[in-house]
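# Per-entry structural report
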Amino acid sequence: MGAVVLKRAALLVVLLALVFLTVELLPGDAAAATSERGESAADIERRRELLGLNRPVLERFWDWMSGLPTADLGTSARGEKVTDLLSSAFPNTLVLGGLALLLTAALSLGLGCWAALRPDGRVDRAVSGTATAVLALPEFVVAVALLLVLSLWTGWLPAVTLTDADGTPSDWTMLILPALALTIPQTGWNTRIVRAALADEARAPHVETAVLDGLPPHRVLTHHVLPGALPTVTAGLATSTGMLLGGAVVVETIFNYPGIGSVLASAVTDRDSPVIAGVTALAGAVITGVLLLADLVRDLTTGSRR
Amino acid sequence: MLWLGGAIGAGTLLTACGGGDEEPAASATGGTAKPVKGGTLRVGALGRAGAITRDPHGSQANESDYLILSLIYDTLTVPGAKPNTAPRLAASWKASDDLKTWRFTIAKGAKFHDGSPVTAEDLVFSLKRLRATPAGASRLPGIQEKNITAEGTDTVVLVSDYANAELPLLTRLTTFVIPKGTTDKDIAKAPGTGPFKLDWFRGGNARLVRNEDWYGGDVHLDAIEVKIFESPQAMASALLAGQIDLASNVGAVAARTAESRKDIQAVRRPNDMAMPIVMRTADGPFADAKVREALRLAVDREAMVKQVLSGYGTVANDILGTGDPAFDKSIPQRTRDLAKAKELLKEAKFDTSKTYELYTTEDISGLAESATLFATQVREAGVKVKVVKQESGTFWDKTWLKGDLYTTYWGTNDSVVFFASKTMVSDSGQNEAGWKDEAFDEAYEKAIGTADASARTQLLKQLQQIEYDSSGYLLWGMADGIDLAGAKVNGLPTLPGYGRVQLEQAWLAR
């Protein structure tokens, strides 16, 4: 486990270095991107010096990295502390992503099991078909449809998220639409994984024995099939974390949800390496954490069965 | 000469700074009703979370930030209708005979939110701080830091390097005044002098409460809540769902969506934004004035306004600064004349077998669409144009100021001289078309050095005629600024550009 942690951490550092280099390769830089139209070349050069952009990229990367242990994520091109920019945005995204992940897990497990109870029955075919269709829907289509139906036409739910003085959504109902917009496509994806894993496991010898023993189908499912399928299901959900964070960028824009999506999008426009790297580091850490958790689940479940 | 905000490539509309009015005109509804005191106005404004700034002299790309700052802090002057500069923190101003030395006198009773009076020292400190920013030279052009001094307790003296009849216009936008000695560390806490005081700020959202002691007159609203929105669509959704009362500068697309709703008022602010096509005059295929004339005759202006701006705009006449009180309406409006255009192209021996590239970006809505429609229209005159969309950063880096044919945009349209000085005088720093014209330079210098208003108007007419005849700009139309508001909102500003942030006269009907 320790080696895995080290390997994942090293991967994160490489990823961050890549982020710095990629921003460097984009045309223009933070000094030009944040300048005003009337500024002369000399003014922009001065801004470049103020931002330290005249130094080599590796030096800047090292400076930024060396601040990490003290939780210092550097300063944005507009002079705001990156930790300030992310302090309410990142937790908000985590809440949204976490909620969507939980909903996805519950829904896909439920649907997958329901379908597995009657293999090739009507329910099974309906669930699998719908799952495939939904999986192909982009988040923004789902989001716009939800917005129109559940808010603008019916007035049941708030259309966008507004925030309070503490930086969090002012009402919990504002979380429903963005969470659903993220959950629906991911549930399509995960239901298929759950269904496939259950089908694989159903062919295992110990399951067949249980069926021949005359155990009721739901008991076979919960006690014999599901435990074996769990590692695959967990891995699928772990992969969803990355996709949920990616989808959040789109969904947050549509619902004006105050998360990292908006921060990241504007940081890219501004060529603002410290901000982009800050978002990447946090998102990377979360995904790494979830993947480790999935590994742990696999180790525990397979370990207990050996 | 007017300062232009707006980060390059940031897709910002902050370049906007049109006229506004000291006392904003009444809104579309209830214009004559008597204002009612009280209520909280929830305003949506565009902004990107990563580009937030709290510094009134900082590099501002967010409308939301600018709105918050201009409600808390006051500038020396503000946009007006006629004249286009109205007093604010500076109650009056006076120029020396040579138009180089300007004295601004502080309004009586002006106080910071903490109760301390505003002195000339605070103004000197703030203006010097502004001047010392990287954008300082363009925000206060021609005024060196050492030439900003105090005279007595209530007068600040600005000495320009050259005669400048429009200097007070320059102080309309970012000359926010903060107390003397405010450090960068404390900038977010600096008290202002404006109509509202900051209650809280978080992540681009803010709540502002009425300043009971504002020297500028009665403020009707109890509070204004500013909500940051990344996209105009989300802002329009919020308005339609009743989550906000005002969607500031939300644009034509949202206005069209809201047209069917009787309970939503669309406030149109004419002359808000110019998106001219730049034709390089210095060299290249458009260097011949006849070719440029031909393209100006080939464009179908009415179709452009109708399709690109959804009709929310007006046809323009290739002269920038349409909102200027001195804008020359006597110059005949150019209309489409394909026969004449073809003739001119033939005379100029223009190579119609070649395809010319027109560069554009998607910085603001409608810009890329304008390029595409233009390309279709000029094809009918025999000019083949291919539209090349560039990513914003690349566009400003590689194409702007250099390209042969490209789109640009400006949000300031209330001064002919501003455009002349910034983009057309031979040595201007942002000469977008590389245009050099001695007669134009001469007319400009005379105009800016003339104190007498009617004499200056005459000189400005000359200037506009030359611009109309031979500059590198094809200005087909002017976009309206569009705000959407709920039925209860009254007293909204109707002037273009930065006029929209002047919400101190707004009120809510009961």
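Remember, it's a predicted structure, so these values are computed and weren't measured experimentally.

Let us look at the overall build of chain A. Of regular secondary structure, chain A possesses 13 helices and zero strands. Nonlocal contacts in chain A, meaning residues at least 24 apart in sequence, comprise 74% of its contacts between residues at least 6 apart. Accessible surface for chain A amounts to roughly 14400 Å². Of this, 69% is attributable to carbon and sulfur atoms. Across chain A, the mean location of the 21 positive side-chain charges is 9 Å away from that of the 27 negative side-chain charges.

Turning next to the interface of chain A and chain B. On the chain B side, the residues contacting the 42 residues of chain A number 53 residues. Three residues stand out in chain A for area buried against chain B, namely A:Glu36, A:Arg37 and A:Arg78, and they jointly supply 25% of the buried area on that side. Linking A:Arg271 and B:Glu391 is a salt bridge whose minimum nitrogen-to-oxygen distance equals 3.0 Å. Linking chain A to chain B there are 14 residue pairs in polar contact (both at pLDDT 80 or more). Here the element with the most residues in the side of chain A that touches chain B is helix 12 (residues 260–269) of chain A; it accounts for five residues. Among the residues forming the side of chain A that touches chain B, the class breakdown is 16 nonpolar, 14 polar and twelve charged.

Another point: the sheet that holds strand 5 (residues 101–106) of chain B. All names here are of chain B. Across the sheet, which stays open at both edges, the four strands sit in the order 4-5-7-6 with antiparallel pairing between neighbours. Sheet topology places strand 4 (90–95) and strand 6 (148–151) at the edges, where each strand pairs with a single neighbour. Adjacent strand axes in the sheet meet at a mean angle of 25°, parallel and antiparallel pairs treated alike. Across four bridges, the pairing between strand 6 and strand 7 (residues 155–159) is antiparallel. Bridge pairing in strand 7 links alanine 150 to valine 156.

Residue and element names in this part refer to chain B. Inspection of the entire model under this criterion finds 18 aromatic pairs over all chains. When the ring of phenylalanine 418 is compared with that of phenylalanine 419, the centres are 5.2 Å apart and the planes differ by 75°; the resulting orientation is edge-to-face. Given a relative accessible area of 0%, phenylalanine 418 falls into the buried group. For phenylalanine 419, a relative accessible area of 0% corresponds to the buried category. Put simply, the rings of Phe395, Trp396, Trp400, Tyr406 and Tyr409 touch in pairs and so form one group of aromatic residues. Across the ring face of tyrosine 468, the terminal group of arginine 334 is positioned such that the distance to the ring centre comes to 3.9 Å.

This part is about helix 11 (residues 392–399) of chain B. Residues and elements named next belong to chain B. With six of its eight residues buried, helix 11 lies for the most part within the structure. When we look at burial in helix 11, the residues that qualify are Ser392, Gly393, Thr394, Phe395, Trp396 and Thr399. Those residues of helix 11 that are buried are in contact with strand 15 (355–360) and strand 17 (405–407). Just downstream of helix 11 lies leucine 401, where phi reads positive at about 75°.

Looking now at the nonpolar core. Residues and elements named next belong to chain B. Counting 84 residues, the largest nonpolar core has Leu41, Ile224 and Leu503 as the members making the most contacts within it. For this core, the element with the highest residue contribution is helix 1 (residues 63–72), accounting for six residues. Discounting chain neighbours no more than four positions away, the residues touching isoleucine 224 are Leu41, Val43, Leu71, Phe196, Ala206, Arg207, Leu208 and Leu503. With 68 residues, the next largest nonpolar core counts Ala326, Leu345, Phe350 and Tyr406 among its residues.

In this section: the side chain of A:Ser88. By the secondary structure assignment, A:Ser88 is in the loop between helix 5 (82–87) and helix 6 (89–117). For A:Ser88, a relative accessible area of 12% corresponds to the buried category. If sequence neighbours within four positions are ignored, A:Ser88 has contacts with A:Gly167, A:Pro258 and B:Arg202.

Residues and elements named next belong to chain A. A cluster of nonpolar side chains, namely Leu137, Phe140, Val141 and Val250, defines an oily patch on the protein surface of about 300 Å² accessible area. Along the chain, leucine 137 falls in the loop between helix 7 (122–135) and helix 8 (139–153). Taking the relative accessible area as the measure of exposure, leucine 137 reaches 36% and is therefore partly exposed.

Each value, and the rule that gives it
Residues numbered from 1 in each chain as written. Chains lettered and ligands numbered in written order. Predicted model: local features only at pLDDT ≥ 70, side-chain atom pairs only at ≥ 80, totals over all residues. Heavy atoms only, no water. Helix = DSSP H or I, 4+ residues; strand = E, 2+ residues; numbered from the N terminus. Contact = heavy atoms within 4.5 Å. Areas by Shrake-Rupley, 256 points an atom, 1.4 Å probe, with all protein chains shown as cover. Lys, Arg positive; Asp, Glu negative; His and termini not counted. Charge placed at Lys NZ, Arg CZ, Asp CG, Glu CD. Buried area = accessible area lost by both parts, 1.4 Å probe. Salt bridge = Lys/Arg side-chain N within 4 Å of Asp/Glu carboxyl O. Polar contact = N/O pair within 3.5 Å; in protein donor to acceptor, adjacent residues only side chain to side chain. Nonpolar A, V, L, I, M, F, W, Y, C, P; charged D, E, K, R; others polar. Pairing = 2+ DSSP bridges. Axes fitted to C-alpha atoms, helices over the stretch in contact; angles between N-to-C directions. Phe/Tyr/Trp six-rings, centres within 6.5 Å; stacked < 30°, edge-to-face > 60°. Buried < 20%, exposed > 50% of the residue type's maximum accessible area, 1.4 Å probe, protein only. Lys NZ or Arg CZ within 6 Å of the ring centre and 35° of its normal. Core = buried A, V, L, I, M, F, W, Y, C linked by side-chain atoms within 4.5 Å. Patch = residues over 30% accessible without salt bridge, like charges linked within 9 Å, V, L, I, M, F, W, Y side chains within 5 Å.

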